[in-house]
Structure formats: C-alpha cells, structure tokens
Amino acid sequence: MTAEATTEKARIGAPSIAGFTEEGEHLVASKVDRHHSHGVQVMASRAERLTSHKVADFALPNGREEEWRFTPVRELANLLSDTVAEAGALGVSVEAPEAVRQGTLRAGEAPRGATLVPADRAAVVGSANSEEAQLISIPANTELDAPVRLVLTGNGAGRRTNSHHVIEAGVNSRAVVIIEHDGSADHNGNVEILVREGAHLTVVSLQLWGDDAKHLAQHDAEVAKDAVYKHIAVSLGGKIVRMNSNVRFAGEGAEAELLGLYFADAGQHLEHRSFVDHNVANCKSNVLYKGALQGKGAHTVWVGDVLIQKQAEGTDSYEKNQNLVLTEGCRADSVPNLEIETGLIEGAGHASATGRFDDEHLFYLMARGIPEDVARRLVVRGFLNEIIQQIKVPALEERLTEAVERELTAIDY
C-alpha cells in the first residue's frame with residue numbers, strides 16, 4: 001500500500017501503560033444518547049445492543065441506525081419482512097463422512113438456541129420463519145478424514161429463503177465444515193456453532209452467489225475450554241451480502257480466529273461485521289479481514305468489535321482490516337472498535353488500512369520483465385492469499401485462487 005493509505009493502530013499491554021489501571025478503560029464514551037440529534041442511533045457499548053428471539057422487538061430499519069448506516073436497506077425490504085420462505089426456493093445438500101450425525105431441531109429443541117440469539121431484524125425474521133434447523137454434529141473424540149460440505153442453492157432471483165443450521169463439534173473432535181452459497185435468492189441464513197471442550201473446528205462460509213442475489217447472515221459461536229475455533233468468510237458473489245460473525249467463550253484456554261476475504265465489483269455491496277466477546281479469562285482471539293475493490297459503485301464494509309469484560313483477565317486479542325482499492329469509484333468503510341474493562345490483559349489492539357497499489361512492488365516486478373497488468377495481478381493475489389491459505393483444504397484453496405484470478409482478469413486499468 002502507498003503513503004495514501006490511512007492507518008489506525010493501537011496496542012495495549014496493560015501493566016506498562018501509565019494511567020491504565022486494573023479497572024480498565026472504555027475506548028468509547030461511557031454514556032451516549034441513543035437518539036442522536038441527526039436521528040442516528042449510537043450505542044455506548046457493544047454489549048448494550050439488542051438481542052432477542054421476538055420479531056416485535058426489532059423495528060424495520062431505516063438506515064439511520066448505527067447498525068444499518070452503511071447498508072442499502074431500501075433494497076432489502078423482502079429480506080426484512082416477517083415472511084416464510086417460498087417452497088422450492090432453496091436447495092440444500094450435505095456431503096459428510098459417515099461419522100457425522102445429522103438431524104433437525106425445532107425452536108427450543110437443544111442445542112438450537114444455545115448459542116445464537118438474533119441481533120438484528122434480518123436474523124430474527126430468519127430464525128422465526130425457520131420451522132426446523134438442520135443439525136450437523138461431529139461426535140466426541142472423532143477426527144474427520146474429509147470436510148463436511150453443506151451447499152445452499154438459490155433457485156430464483158428475489159425468491160425469499162430462510163435457513164438455520166446448528167453445527168456442533170463434540171469434545172476433542174477435529175473437523176472442517178464448508179458452507180457454500182450459490183445460485184440466486186433473497187436469503188436469510190443463521191448458523192450457530194458449538195465448539196465443545198478441546199475440539200478444533202474450522203467453518204468456511206463461501207458466498208459465491210449470482211450477481212442478483214441478496215444474503216443477510218448471522219453466525220454465532222461459543223468456544224469451550226481449550227477449544228480452537230476458526231471461521232473464514234469468503235465473499236465474491238452476490239449483489240448485497242451482509243454477514244455478522246460473532247464469538248464468545250465458555251472456558252479458559254479457548255482460542256478463536258475470525259478471518260475474511262472479499263472482492264467487490266461494480267455495484268456490489270459486501271459487508272462483514274465481527275464481534276468477539278471476551279467474557280472468560282485467559283482466552284485468545286485474532287481477527288483479520290482483507291478485501292479488494294474494483295469498478296464504479298463497489299462498496300465494502302468491515303466493522304470489527306472486541307469487548308474485553310472485567311472478568312476476562314489474561315486476554316490476548318487483536319483485530320485488523322486491510323483493503324486494496326484497484327480502480328476509481330470504489331468505497332471501503334472500515335471501523336475497528338475496542339472496548340476494555342480490565343487492565344490485567346496480555347494484550348489488545350486493532351489496525352485498519354485502506355490504500356492503492358504499492359508502486360515499489362510494481363516497480364520491482366516490472367524491472368524484472370513482468371508486464372504491468374501481470375505484476376498488478378501478482379500483487380493482489382499475494383495480498384489475498386494470506387486468507388486463502390488458512391483454509392487448509394487444498395482443493396478448495398485452488399478453487400478460490402482461480403476465482404480470485406477471474407476477478408483480476410476483469411480489471412481494466
């Protein structure tokens with residue numbers, strides 16, 4: 001990235017900073033009027049935001065709310081309505097090793113509802129109108145020899161679909177679950193994830209929709225003692241994609257990693273929000289989202305929230321977002337938020353950067369005889385590959401590398 005890039009960084013190692021006590025420090029205002037003078041709703045703390053299973057508790061957003069101010073809500077009326085899915089509008093298929101247990105869960109049937117409580121209008125109407133949730137359960141002490149592959153296919157632009165999936169990784173299990181979205185629809189998708197004690201679970205969510213699809217999602221995970229959870233969101237397709245990825249902890253020694261890759265083309269809106277709730281002591285989290293934009297009207301949004309509660313001593317947390325703007329007419333919004341209630345932590349920080357190509361990188365490659373267009377593609381490919389290589393499924397990594405390459409060949413510099 002060039003000197004034009006804007007960067008915000010903070011790194012806190014509590015005991016060494018003067019004035020930073022064991023009581024911590026809120027890096028937001030302690031009290032903020034929920035009804036701003038311009039009609040924008042502002043929260044004093046991420047923990048104060050409403051969660052509920054009742055549709056009536058969430059009014060239809062108008063775009064002036066803090067949670068919706070970046071989102072084109074006028075184009076989402078169908079998804080925000082309290083509406084059942086159209087019959088046949090969504091195809092669902094599952095490929096899984098024999099050891100995986102599958103089933104369905106009605107509202108209130110455990111473990112459905114143990115982790116995910118809707119946090120916005122889209123999630124609550126999607127939950128309320130999903131009569132049954134699909135359960136994917138990896139038994140305790142089981143290491144899967146192949147990924148679980150869940151494919152959701154939209155069968156028509158504008159057709160309303162809802163889904164709710166529950167993924168449970170049993171004690172000391174090892175698994176990768178891939179959730180793939182393709183075709184076209186207006187889709188509300190909720191996913192709740194339980195990572196039991198000592199388990200290692202990777203969930204990869206692929207948004208490979210057609211150009212006219214709209215997708216609103218909430219993915220919530222609870223990570224137990226000594227468990228390791230990785231969530232990777234890859235958004236390449238769809239007209240509008242907005243995904244909330246949230247995690248909290250249920251035991252010490254747990255680790256969570258939230259990763260994301262997105263590539264927005266002309267007229268495309270790709271929005272990713274993450275929330276890490278450090279509610280337990282001695283846990284680790286890392287958040288890294290990287291995106292590229294090209295074409296007039298391409299818009300990406302990343303909002304990252306980390307809350308370190310008073311009881312979460314020994315926390316080690318970091319979040320970062322990087323965006324690479326490839327052409328004129330794009331917009332990338334990046335908002336890192338960090339709230340700390342205790343000074344007794346290992347570390348916490350955030351960083352955000354948005355910029356264009358690094359001319360020195362291009363010069364280095366071109367000086368070695370590489371044409372400019374090829375050199376630019378190499379730089380972008382290397383920038384995004386940091387996320388792709390974290391998937392650890394070779395066939396999928398190769399497929400996504402090819403998909404990114406197709407995006408790059410469409411650029412007219």
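So, here is what we can say about the structure in this document. (Residues numbered from 1 in each chain as written. Predicted model: local features only at pLDDT ≥ 70, side-chain atom pairs only at ≥ 80, totals over all residues. Heavy atoms only, no water.)

1. Observations regarding the overall build of the protein chain
Part 1: When you go through the protein chain residue by residue, the secondary structure sums to five helices and 17 strands.
Part 2: Scored against the burial criterion, the 413 residues of the protein chain give a buried share of 55%.
Part 3: For the protein chain, long-range pairs separated by at least 24 residues make up 86% of all intrachain contacts whose partners lie at least 6 apart in sequence. (Helix = DSSP H or I, 4+ residues; strand = E, 2+ residues; numbered from the N terminus. Buried < 20%, exposed > 50% of the residue type's maximum accessible area, 1.4 Å probe, protein only. Contact = heavy atoms within 4.5 Å.)

2. Description of the packing of helix 4 (residues 372–388) against helix 5 (residues 394–409)
Part 1: Contact geometry for helix 4 and helix 5: axes closest at 10 Å, N-to-C directions at 145 degrees. The way helix 4 lies across helix 5 gives a crossing that is right-handed. Facing helix 4, whose interface residues are Arg377, Val380, Arg381, Leu384, Asn385 and Ile388, helix 5 presents Glu397, Leu400, Thr401, Val404, Glu405, Leu408 and Thr409.
Part 2: Among the residues making up the contact of helix 4 with helix 5, the classes are represented as six nonpolar, three polar and four charged. (Axes fitted to C-alpha atoms, helices over the stretch in contact; angles between N-to-C directions. Left-handed = near helix turned anticlockwise from the far one by under 90°. Nonpolar A, V, L, I, M, F, W, Y, C, P; charged D, E, K, R; others polar.)

3. Focus on the nonpolar core
Part 1: Ranked by internal contacts, the top residues of the largest apolar core, which has 50 residues, are Ile193, Leu201 and Tyr229.
Part 2: Considering each element in turn, this core owes the most residues, seven residues, to strand 6 (residues 174–195).
Part 3: Sequence-distant contacts of Ile193, defined by excluding residues within four places in its chain, comprise Thr115, Ile167, Leu201, Val203, Asp220, Ala221, Glu222 and Tyr229.
Part 4: Residues Leu288, Leu326, Leu384 and Val404 belong to the second largest nonpolar core, which totals 30 residues. (Core = buried A, V, L, I, M, F, W, Y, C linked by side-chain atoms within 4.5 Å.)

4. Some words on the pattern of salt bridges
Part 1: Throughout the structure, instances matching the rule amount to 22 salt bridges.
Part 2: The closest approach of N and O atoms between Asp305 and Arg49, which form a salt bridge, is 3.4 Å. With Asp305 in strand 14 (residues 299–308) and Arg49 in the loop between strand 1 (6–12) and helix 1 (77–80), this pair connects stretches of sequence that are 256 residues apart. Each member of the pair, Asp305 as well as Arg49, carries the same accessibility label: buried.
Part 3: Here Lys225 and Asp226 are joined by a salt bridge, their closest N and O atoms 2.8 Å apart.
Part 4: For Asp226, a relative accessible area of 40% puts it in the partly exposed group.
Part 5: Within this structure, Arg49, Glu67, Asp120, Arg242, Glu271, Arg273 and Asp305 form a network of salt bridges that share partners. (Salt bridge = Lys/Arg side-chain N within 4 Å of Asp/Glu carboxyl O.)

Just distances and angles here, no functional claims.
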